[in-house]
Amino acid sequence: DRQPWLEALRQLIASVIRENRHAILACSALKHAYRVMIISEGIPAAAIRFVYLDVPPEELERRLESRRHYAGPSLLASQLATLEKPKDAVWIDGAQPVKAEVQTIRSALGV
């Protein structure tokens, strides 16, 4: 069921790169295989950077409890069990205030 979604992301990323544009895409590609699937063949590895927000489970649960319009905390355990933390990503302390996270990401990516 994820294949069409991952394919759509791959096409979007390839389009952005072909047009020599920049973009930020947020998604929950929890597994290494999913991240591999969204990278198009022929796209230089340096053209795509992954950022991993490393957030303690307690903080994730707190945030999910406040998001009534979306998946609640009941899915958190299964999502964390599925997660394959990316080794090749820029790791960011996801418990920081959002402004600090953005500054850290921009600095790490040189933008």
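Above this note sits the structure.
Residues numbered from 1 in each chain as written. Predicted model: local features only at pLDDT ≥ 70, side-chain atom pairs only at ≥ 80, totals over all residues. Heavy atoms only, no water.

### Regarding unusual backbone geometry
Logical step 1: Positive phi, normally seen in glycine, also occurs at Asn 20, with a value near 55°.
Logical step 2: Tracing the backbone through its elements, the reader meets Asn 20 in the loop between α1 (3-18) and α2 (32-37). (Helix = DSSP H or I, 4+ residues; strand = E, 2+ residues; numbered from the N terminus.)

### Here's the deal with the layout of surface pockets
Logical step 1: As a volume, the second largest pocket reaches approximately 150 Å³.
Logical step 2: Taken together, His 32, Arg 35, Val 36, Ile 39, Ala 45, Ile 48, Arg 49, Phe 50 and Asp 88 make up the lining of the second largest pocket. (1 Å grid on protein atoms, 1.4 Å probe; cavity = no way out; pocket = protein on both sides within 12 Å on 5 of 7 lines; lining within 4 Å. Points joined across faces, edges and corners; volume = space filled by probe spheres on them.)

### Describing the nonpolar core
Logical step 1: Leu 6, Leu 9, Ile 13, Ala 29, Tyr 34, Ile 38, Ile 43, Ile 48, Phe 50, Tyr 52 and Ala 89 form the largest nonpolar core, which has eleven residues in total.
Logical step 2: If one sorts the elements of this core by residue count, α1 sits on top with three residues.
Logical step 3: With sequence-adjacent residues up to four places away left out, Leu 9 is seen in contact with Leu 25, Cys 27 and Ile 38. (Core = buried A, V, L, I, M, F, W, Y, C linked by side-chain atoms within 4.5 Å. Buried < 20%, exposed > 50% of the residue type's maximum accessible area, 1.4 Å probe, protein only. Contact = heavy atoms within 4.5 Å.)

### What about the pattern of salt bridges?
Logical step 1: Across all of its chains, the model carries four salt bridges by this definition.
Logical step 2: In this structure, Glu 7 engages Arg 10 in a salt bridge whose closest nitrogen and oxygen atoms are separated by 2.3 Å. Taken together, the residues Glu 7 and Arg 10, both in helix α1 and three residues apart, mark about one turn of the helix.
Logical step 3: For Arg 10, a relative accessible area of 24% puts it in the partly exposed group. (Salt bridge = Lys/Arg side-chain N within 4 Å of Asp/Glu carboxyl O.)

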